[in-house]
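In case you want the letters, here they are:
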Amino acid sequence: MIGLISATAAGAAARDRLAAAWPDRTRVYDGPVGDAVRRAFAECEQLVCFLATGAVVRLVAPLLSDKASDPGVVCVDEAGRFAVPLVGGHAGGANDLAREVGESLGAVPVVTTATDAVGIPGLDTLGMPVEGDVAGVTRALLDGEPVALRAEVAWPLPPVPFAERGAWTVRLTDRAVEPAGREVLLRPPSLVVGVGASKGAPVGEVLDVIESALRDAGLSARSVAELATVDAKREEPGIVGAAERLGVPVVTYPAGELAAVPVPNPSDAPLAAVGTPSVAEAAALAGGGELLVPKRKSAGVPATATCAVVRRPGRGRLAVVGLGPGARDLLTPRAKAELRRASVLVGLDQYVDQIRDLLRPGTRVLESGLGAEEERARTAVAEARRGHAVALIGSGDAGVYAMASPALAEASDDIDVVGVPGVTAALAAAALLGAPLGHDHVSISLSDLHTPWEVIERRVRAAADADLVVTFYNPRSRGRDWQLPKALAILAGHREPTTPVGVVRNASRPDGTARVTTLAQLDPATVDMMTVVTVGNTATRDIAGRMVTPRGYRWQEEPQ
């Protein structure tokens, strides 16, 4: 919950705008400002104070305890012009909150954290427990000193400018080791602990068997991602209590699913009790991984708990990102976030150039030229399978005549795949032309490099017969100069010569052009691969120089 505090009418107005925008996330604290800040500080994860920064500093200072647990505090001036994270920029999420407040109120986020200022993610913002000389290693990164990454576990990380060797080290490990000098330990959530328990098993006994198993195997409890068990034990107090003390969730599986998991130590007892020959080992292995600690029993007499430990593989992440038609303001916020999140970027060289300035330091760029779509897709999937966070970019929407299809054809369920939509060339062109896509429409690529012309022609004839508005992608190139005239001739057999046609080149870019002509007047020689051609249907009209296709409601029909 985000606590909102203000002192004046102007501050309250900005406060109420934010409360209206985020009704489920915010709580307004009224009354004397000092009391309101103290109550919100104790009850909320974050605060937004519509007060002077000096006042907020004085009010918050006596309440500060520890940067790992203090709420994030953002100060907004009463006019709503600036959002300043004061406390908990990283751990409290104040930097991100300031950016969100800025987007909601039209304020400028004033982020002064050193790593954010230079685009390097803070080591304490990577979503993992961190130990060691965080300040020293961070300072080395900021100063450009070589910091080496020792990844003992493959796990996706955002881009950080690591070197192969260096006097400073970031060690990615789930081992129970202490950080050396000039070293930071990152604890990936790589361990799954399967747990079985008798009815009424004490929390202490369940916790003891887990901790002893981890200790004996030399594993860190801070890398435990979850406790796993059978559905029948979902609410077993000993398991639930142990998970709460470890700060992890309980994940459960149906007995039938666990019974199908091969395990080294099946038993008749759990089979009779809950319907599976293994609970601890099977639950730990249900999501795949390497069994590090086979089933072991607790020390009680009789033993009331069992556990097993598995190291699950780090799943790489592939984001297929649509960059839109080229204009920066048509690149979506989600696409920007994915570009900054990826440690590896794969794309066509000219598309990489469009967004290179958005990449964080340390992003590895793998670019290639035209005609290497399948190779780029294979490269992106391979990098994700190595455990990296990968962004594969394409123009427009990556799922429309772009990289999503070849990438997903290569990918399997061993990586996470995220699609990030983008503004398509057809939509960008339509916005410039007017409203040509106001009714049913279809997009057809005239490139026969991947699709036989016979198939393309059949689709054009079907669209013509169905009276659909048609947007032609890849309409004409130096080596393909006859396909567009052929397609236009097919449409001309079903539509009047005066049918409006929109021709848009480099939609949304500084050198872009857009014009409306007719089916009879369009000269195919003026069209190239950077052009989108939109042909209206029999209802499309040229109104004040704009293409308009009516939606076809009855009330729009002319009187008979």
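Up top you'll find the structure we're talking about.
Description of the structure in this document. In this text, all values refer to a predicted model and were calculated from it rather than measured experimentally. (Residues numbered from 1 in each chain as written. Predicted model: local features only at pLDDT ≥ 70, side-chain atom pairs only at ≥ 80, totals over all residues. Heavy atoms only, no water.)

## Regarding the overall build of the chain
Secondary structure summary: the chain contains 18 helices and 28 strands in total. Counting across all 560 residues of the chain, residues that qualify as buried make up 46%. Considering only contacts in the chain between residues 6 or more positions apart, those separated by 24 or more positions represent 64%. Carbon and sulfur atoms form 52% of the exposed surface of the chain, whose accessible area is close to 26,100 Å². Here the chain contributes 57 positive and 66 negative side-chain charges, whose respective centroids are spaced 1 Å apart. (Helix = DSSP H or I, 4+ residues; strand = E, 2+ residues; numbered from the N terminus. Buried < 20%, exposed > 50% of the residue type's maximum accessible area, 1.4 Å probe, protein only. Contact = heavy atoms within 4.5 Å. Areas by Shrake-Rupley, 256 points an atom, 1.4 Å probe, with all protein chains shown as cover. Lys, Arg positive; Asp, Glu negative; His and termini not counted. Charge placed at Lys NZ, Arg CZ, Asp CG, Glu CD.)

## What about the sheet that holds strand β26 (residues 531-535)?
The sheet built from five strands is open, its strands ordered β22-β23-β26-β24-β25 with mixed pairing. Across the chains shown, the open sheet's two edge strands, defined by having one partner strand only, are β22 (441-445) and β25 (513-518). Mean inter-strand twist for the sheet, computed between neighbouring axes without regard to direction, equals 20°. Pairing geometry for strand β23 (residues 469-473) and β26, over three bridges, is antiparallel. (Pairing = 2+ DSSP bridges. Axes fitted to C-alpha atoms, helices over the stretch in contact; angles between N-to-C directions.)

## Observations regarding the nonpolar core
For soluble globular proteins, nonpolar side chains are generally found buried alongside one another. Core analysis: the biggest nonpolar cluster contains 22 residues, and Val193, Val206, Ile210, Leu227 and Val309 have the highest contact counts within it. Where this core is concerned, the elements lending two or more residues are β11 (191-197), α7 (203-216), β12 (224-230), α8 (237-246) and β15 (305-311). Broken down by element, the residue count for this core peaks at six residues, all from α7. Not counting residues within four places of it along the chain, the set of residues in contact with Leu227 comprises Val193, Val195, Ile210, Ile239, Ala242, Ala243, Leu246, Val248, Pro249, Val250 and Val251. Membership of the second largest hydrophobic core comes to 21 residues, among which are Val460, Ile490, Val501 and Leu519. (Core = buried A, V, L, I, M, F, W, Y, C linked by side-chain atoms within 4.5 Å.)

## A word on the pairing of β22
In the sheet, β22 pairs with β23 via five bridges, with the strands oriented parallel. Note on β23: the bridge partner recorded for Ser445 is Tyr473. Between β22 and its parallel partner β23, the chain crosses via helix α17 (residues 453-465), and the hand of that crossover is right-handed. (Right-handed = clockwise from strand over helix to strand, strands pointing away.)

## A short note on the pattern of salt bridges
Considering all chains together, one arrives at 31 salt bridges under this definition. The residue Asp231 makes a salt bridge to Arg234 at a minimum N-O spacing of 3.2 Å. With relative accessibility at 45%, the residue Arg234 sits in the partly exposed group. Glu236 serves as the salt-bridge partner of Lys233, at 3.9 Å between the closest nitrogen and oxygen. For the pair Lys233 and Glu236, a shared accessibility class is recorded, and that class is buried. Beyond isolated ion pairs, a larger network of salt bridges with shared partners links Arg150, Glu152, Arg171 and Glu183. (Salt bridge = Lys/Arg side-chain N within 4 Å of Asp/Glu carboxyl O.)

## Remarks on the side chain of Glu281
Among the secondary structure elements, Glu281 is positioned in helix α11 (residues 280-285). One buried charged residue, Glu281, forms no salt bridge at all, with the nearest opposite charge on Lys295 at 6.2 Å. Of note is the side chain of Glu281, whose polar atom sits 2.9 Å from the backbone nitrogen of Lys295. Residues within four places of Glu281 in sequence aside, it is in contact with Val263, Pro264, Asn265, Leu291, Pro294, Lys295 and Ala308. (Polar contact = N/O pair within 3.5 Å; in protein donor to acceptor, adjacent residues only side chain to side chain.)

## So, the packing of aromatic side chains
Summed over all chains, the structure comprises two aromatic pairs. A centroid spacing of 4.8 Å and a plane angle of 55° characterise the contact between Tyr401 and Tyr473, whose relative ring orientation is tilted. In this pair, Tyr401 is assigned in the loop between β19 (389-394) and α15 (404-410) and Tyr473 in strand β23, connecting sequence segments 72 residues apart. Its relative accessible area of 45% is what places Tyr401 among the partly exposed residues. Here Tyr473 falls in the buried class, since its relative accessible area comes to 10%. Between Trp453 and Trp482 the ring centres are 5.0 Å apart and the planes differ by 70°, which places this aromatic pair in the edge-to-face class. Of the two residues, Trp453 sits in helix α17 while Trp482 sits in the loop between β23 and α18 (483-492), which places them 29 residues apart along the sequence. By relative accessible area, which is 10% here, Trp453 ends up buried. In this structure Trp482 comes out as partly exposed when scored by relative accessible area, which is 42%. (Phe/Tyr/Trp six-rings, centres within 6.5 Å; stacked < 30°, edge-to-face > 60°.)

## Comments concerning helix α1 (residues 9-21)
Counted at 1.5 Å a residue, the expected span for α1 with its 13 residues is 18 Å, and the 18 Å between its end C-alpha atoms agrees. When we look at burial in α1, the residues that qualify are Gly11, Ala12, Ala14, Arg15, Leu18 and Ala19. Angularly, the buried residues of α1 cover 165° about the axis, an arc narrow enough to put them on a single face. Exposed positions of α1 whose direction lies more than 90 degrees from the buried face are Ala9 and Ala20. Those residues of α1 that are buried lie in contact with β1 (2-6), β2 (26-29), β3 (46-50) and α4 (94-105). (Expected span 1.5 Å × (residues − 1). Arc of directions from axis to C-beta.)

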